[in-house]
Amino acid sequence: MEDAIRQYKQAIHQLNPGVTADEWAYFQSGFTIHTLKPKAFFIEAGKHNHQLGFITSGLIRGYYLNEQGEDITTLFVSENGWATDYPSLLMQRPSRYNFQCLEPTTLIAVSYEHIRAGYDRFVGFERNGRLIAETVLMEQQRRIESFQFDSAEQRYLDFINSNPSLFNRISLTHLSSYLGIERPSLSRIRRKIVGL
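About the thresholds
Residues numbered from 1 in each chain as written. Predicted model: local features only at pLDDT ≥ 70, side-chain atom pairs only at ≥ 80, totals over all residues. Heavy atoms only, no water. Salt bridge = Lys/Arg side-chain N within 4 Å of Asp/Glu carboxyl O. Helix = DSSP H or I, 4+ residues; strand = E, 2+ residues; numbered from the N terminus. Buried < 20%, exposed > 50% of the residue type's maximum accessible area, 1.4 Å probe, protein only.

**Student:** Looking at this structure, how should I read the pattern of salt bridges?
**Tutor:** Where charged atoms from two side chains of opposite charge come close, those side chains can pair. For the structure shown, the criterion picks out eight salt bridges. Between E103 and R169 there is a salt bridge, with the nearest N and O atoms lying 2.8 Å from each other. Pair noted here: E103 is in the loop between β7 (98-101) and β8 (105-111) and R169 is in the loop between α6 (152-162) and α7 (172-179), with a separation of 66 residues, a long-range link. R142 is the salt-bridge partner of E139, the closest N and O atoms lying 2.8 Å from each other. Of this pair, E139 and R142 both sit in helix α5 (residues 125-149), three residues apart, which is roughly one turn of the helix. Its relative accessible area of 41% is what places E139 among the partly exposed residues. Look at the salt bridges and you will find they share partners, linking E79, E103 and R169 into a network.

This is the structure in structure tokens:
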């Protein structure tokens, strides 16, 4: 548990080196630590999301079900990553997404209510929230732009270069869904790259 908290504190200080001892003590007072098994949900579609999660170990896949009942992968969150559905969190509406563990996962969660109270209590606390939100937004924007501007092969190459630790931890089915590439096409791309 202490290692998980130390890992979280380090991540916060990397985002915002100006965090004061009082801000950190307040933030830590709202932590809950969750140990989840594979296939367990951190967030479930149709339910309200009240928490911001930080993963200290493990892997979560975000996905939704389309009209045909197929699950479409939208994100992977692993160690030192932030797990939340921001629209659900901020607007207090049911999530459209499932955040499901692919591996045994430990995460630290903080309720949005605690975070908002911290905004009112500490002048610099909003900076933490803004920087976390910017980190999540930049990742989402990068993914959107990859669909707009990159070929399927380039999306695959960018993924493996940006996420080397995930390469052997996720299934080809989940990866092809995330990249928006049919599985046979992804297999062809992989064979071509290995042959280079």
